[in-house]
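If you want the building blocks of each chain, they are given just below.
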Amino acid sequence: MGKGSYQPENSEKDILLRKYRDTFATCGIAVIVFSVWDIVKLVIGLFLGEKTLGKMISEGVASVSIQDAEREKWVMFITGVIIVIGLVILVAIVFLFHLYIGMNAYRAGRQTAEKKRWAYLVLAGLAMVGSGAVVVFNIVVMLFGRDQTGSVGLATLLLEATCFLNYASLLFPAFQIFKLERGAL
């Protein structure tokens, strides 16, 4: 090579590693963002949807047929509190699950992780399988279901399909980084 020719400072391997790590970190943040959106969608559906949490509780208590009106109000109140506490715990668990996956992917992509962990990738793979199952289920319901929810079903399908693709986009660079670091590529 002559004096005037361009000499890249990085090898092809370094460039690929940087590319895959950037994708890895970005997909990790996307996992967290989609989790927040999923939680917001759940809360909106439960409190502002056609069948709100209040309606479900009142229908459930009415089916028990409590004779005393005062007692029925207390049963509805206690039932509502228990359900809301259960939902808060469930939402916290779901968010922490996705936060664990997303933050570990982000740290690994930015190379700020203290040590290499792989459990979050297994969880991401399981989440991808679950998301894919939800996509298939939504398609089947949209095509063959009697209760056509229209745009809500389509929005759910699009969100889950995007989550599925994000998990795939997270796992692919992880595999590529692993191969590059081991010298397999």
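Use the structure listed above.
Residues numbered from 1 in each chain as written. Predicted model: local features only at pLDDT ≥ 70, side-chain atom pairs only at ≥ 80, totals over all residues. Heavy atoms only, no water.

### Quick notes on the overall build of the protein
Scanning the protein from terminus to terminus reveals 5 helices and 0 strands. The helix and strand sequence of the protein, counted from the amino end, reads α-α-α-α-α. A buried classification covers 26% of the 185 residues belonging to the protein. Long-range pairs, those at least 24 residues apart, make up 71% of the contacts in the protein between residues at least 6 apart in sequence. If you sum the accessible surface of the protein, you get close to 12500 Å²; carbon and sulfur atoms cover 68% of it. (Helix = DSSP H or I, 4+ residues; strand = E, 2+ residues; numbered from the N terminus. Buried < 20%, exposed > 50% of the residue type's maximum accessible area, 1.4 Å probe, protein only. Contact = heavy atoms within 4.5 Å. Areas by Shrake-Rupley, 256 points an atom, 1.4 Å probe, with all protein chains shown as cover.)

### Structural notes on the environment of V135
Residue placement: V135 occurs in helix α4 (residues 119–144). Judged by relative accessible area, which is 14%, V135 ranks as buried. Separated by 23 residues in the primary sequence, V135 and L158 place their C-alpha atoms 8.3 Å from one another. The residues contacting V135, other than those within four sequence positions of it, are L157, E160 and A161.

### Description of the nonpolar core
Counting 16 residues, the largest nonpolar core has F24, L121 and L170 as the members making the most contacts within it. Contributions of two or more residues to this core are made by α1 (12–48), α3 (69–110), α4 and α5 (151–182). When residues no more than four places from it in sequence are discounted, the contact partners of L121 are F24, L170, L171 and A174. L53, I57, I66 and L87 belong to the second largest nonpolar core, which has 6 residues in total. (Core = buried A, V, L, I, M, F, W, Y, C linked by side-chain atoms within 4.5 Å.)

### Digging into the packing of α3 against α4
Between α3 and α4, whose axes approach to 9 Å, the crossing angle comes to 125°. As judged from the angle between their axes, α3 and α4 are oblique. The way α3 lies across α4 gives a crossing that is left-handed. Along its contact with α3, which presents F97, Y100, I101, N104, A105 and A108, the element α4 presents A119, Y120, L123, A124 and A127. Partitioning the contact of α3 with α4 into residue classes produces 10 nonpolar, 1 polar and no charged. (Axes fitted to C-alpha atoms, helices over the stretch in contact; angles between N-to-C directions. Parallel < 35°, antiparallel > 145°, perpendicular 65-115°, else oblique. Left-handed = near helix turned anticlockwise from the far one by under 90°. Nonpolar A, V, L, I, M, F, W, Y, C, P; charged D, E, K, R; others polar.)

### Things to note about the side chain of E160
Topologically, E160 is positioned in helix α5. No salt bridge is formed by the buried E160; its nearest oppositely charged neighbour, K41, is found at 5.2 Å. Beyond its immediate stretch of four places on either side in the chain, E160 contacts D38, S131, V134, V135 and N138. (Lys, Arg positive; Asp, Glu negative; His and termini not counted. Salt bridge = Lys/Arg side-chain N within 4 Å of Asp/Glu carboxyl O.)

### A short note on a nonpolar patch on the surface
Taken together, the side chains of V36, W37, V40, V43, I44, F47, L48, V84 and V88 define a hydrophobic patch exposed on the protein surface, amounting to about 800 Å² of accessible area. Broken down by secondary-structure element, the contributors of at least two residues to the nonpolar patch are α1 and α3. Looking at the nonpolar patch, the element that brings in the most residues is α1, giving 7 residues. Relative to the elements of secondary structure, W37 occurs in helix α1. Residue class for W37 comes out partly exposed when judged on its relative accessible area of 45%. (Patch = residues over 30% accessible without salt bridge, like charges linked within 9 Å, V, L, I, M, F, W, Y side chains within 5 Å.)

### Points about α1
If you check α1, its first and last C-alpha atoms are 53 Å apart, about what 37 residues at 1.5 Å a residue would give, namely 54 Å. Those residues of α1 not exposed but buried are L17, Y20, R21, F24, A25, C27, G28, V31, I32, S35, I39 and L46. (Expected span 1.5 Å × (residues − 1).)

### Here we look at the packing of aromatic side chains
One pass over the structure, following the stated rule, counts 4 aromatic pairs. Centroid distance Y20 to F172: 6.1 Å. Interplanar angle 80°. Geometry classified as edge-to-face. Linking Y20 in helix α1 with F172 in helix α5, this pair joins segments that are 152 residues apart in sequence. When the ring of F24 is compared with that of Y120, the centres are 6.3 Å apart and the planes differ by 40°; the resulting orientation is tilted. You can see F24 sitting in helix α1 and its partner Y120 sitting in helix α4, a full 96 residues away along the chain. By the burial criterion, F24 is buried, and Y120 matches it. (Phe/Tyr/Trp six-rings, centres within 6.5 Å; stacked < 30°, edge-to-face > 60°.)

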